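Report on the structure
Residue-level listing of the chains:
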Amino acid sequence: RHRPDIGFILESSSGRHWPLLYERVVATYERLGVRLVLLDHPERKRHLGQYKDRGFTVIDEIVQCERNNCRVALAPAPRLSVRPYVPTHQAAVLAVERESFSWLWWNSTYELDWYVAQPGARIFVGCEGWGAGGGSRVVGYVGATLNGDHGHIDRLAVRGKHQRAGHGTELLAFILGFLDG
């Protein structure tokens, strides 16, 4: 993560100096005001017991699922106007994230800009209604990465007050159709 409130441990030594290394890393992160330290998957597997002994807890697991040859039909009578993300959508997309995810999963502006610049990454915003001046409100978004014939849905979120209205289903159907090409 590229946020000042989240620290990250990618890999550490398994040697006899591990406890001292751990203490120094944690002390440094505390001085920097870090609220959370994340462990990379291999690091977690290698040293989970030692981290748990020092007060670490598992807060989230990433689950990966795959289904090949999936066909999805768009829902009849779409209610959202789904359009490609442009930089002027940044503030709205970040606001949707803050309503939809716990603080750990919020992107910083840097992370969102980095993601958008990745080859094959695409974000689409779902807009509803027309405000003053002909503009619409972003009520949700979906991000995916397409690499050859492999697609991955990275994010899908809908503003809190617009949830349970079918917008998430509509964005999911849209991105699956996009990935299906």
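Up top is the structure these notes are about.
The rules behind the values
- Residues numbered from 1 in each chain as written.
- Predicted model: local features only at pLDDT ≥ 70, side-chain atom pairs only at ≥ 80, totals over all residues.
- Heavy atoms only, no water.
- Core = buried A, V, L, I, M, F, W, Y, C linked by side-chain atoms within 4.5 Å.
- Buried < 20%, exposed > 50% of the residue type's maximum accessible area, 1.4 Å probe, protein only.
- Helix = DSSP H or I, 4+ residues; strand = E, 2+ residues; numbered from the N terminus.
- Contact = heavy atoms within 4.5 Å.
- Phe/Tyr/Trp six-rings, centres within 6.5 Å; stacked < 30°, edge-to-face > 60°.
- Lys NZ or Arg CZ within 6 Å of the ring centre and 35° of its normal.
- Salt bridge = Lys/Arg side-chain N within 4 Å of Asp/Glu carboxyl O.
- Pairing = 2+ DSSP bridges.
- Axes fitted to C-alpha atoms, helices over the stretch in contact; angles between N-to-C directions.

Before going further, it helps to examine the nonpolar core. Counting 13 residues, the largest nonpolar core has Tyr85, Val93, Leu112, Ile123, Val125 and Tyr141 as the members making the most contacts within it. When residues of this core are traced back to their parent elements, those giving at least two are helix 3 (90-100), helix 4 (109-116), strand 4 (121-128) and strand 5 (137-147). Sort the elements by how many residues they give to this core and strand 4 lands first, with 4 residues. Dropping the residues within four chain positions of it, tyrosine 85 is found in contact with Gln90, Val93, Leu112, Val116, Ile123, Phe124 and Val125. Judged by nonpolar contacts, the second largest core, of 10 residues, contains Tyr22, Tyr29, Leu39 and Phe56.

What follows concerns the side chain of histidine 89. Mapping histidine 89 onto the fold places it in the loop between strand 3 (81-84) and helix 3. Note on histidine 89: relative accessible area 13%, which makes it buried. Setting aside residues no more than four positions away along its own chain, histidine 89 makes contact with Pro84, Val125 and Val138.

Per the counting criterion, the structure on display carries 7 aromatic pairs. Between tryptophan 18 and tyrosine 22, the aromatic rings sit 5.5 Å apart at their centres with planes inclined by 20 degrees, giving stacked as the arrangement. One end of the pair, tryptophan 18, and the other, tyrosine 22, are both in helix 1 (residues 18-31), 4 residues apart, so they sit about a helical turn from each other. The residues tryptophan 18 and tyrosine 22 share a single accessibility class, namely buried. Each member of the aromatic cluster is reached from another via a ring pair, and the members are Trp18, Tyr22, Tyr51 and Phe56. A cation sits over an aromatic face here: arginine 35 above tryptophan 103, 3.9 Å from the ring centre.

This brings us to the pattern of salt bridges. Opposite charge on two side chains makes pairing possible when the charged atoms of those side chains draw close. Scanning the model with the defined rule gives 4 salt bridges in all. Measuring nitrogen to oxygen at the nearest pair gives 3.0 Å for the salt bridge that ties arginine 155 to glutamate 97. Remark: glutamate 97 occurs in helix 3 and arginine 155 occurs in strand 6 (residues 150-158); sequence separation between them is 58 residues. A salt bridge links arginine 137 to glutamate 128; the shortest N-O distance between them is 3.5 Å.

So, about the sheet that holds strand 6. Strand order across the open sheet formed by 4 strands is 3-4-5-6, with antiparallel pairing between neighbours. The open sheet terminates on both sides in strands that have one partner only, identified here as strand 3 and strand 6. Strand-to-strand twist across the sheet, computed as the mean angle between neighbouring axes with direction ignored, equals 25 degrees. Two elements, strand 3 and strand 4, share 4 bridges in a ladder whose sense is antiparallel. Each residue of the ladder has a partner; that of serine 81, found in strand 4, is cysteine 127. The sheet contacts of helix 4 involve strand 4, strand 5 and strand 6, and relative to strand 4 the element is tilted by about 115 degrees. Against the sheet, helix 5 (residues 167-180) contacts strand 3, strand 4, strand 5 and strand 6, and its axis sits at roughly 160 degrees relative to strand 6.

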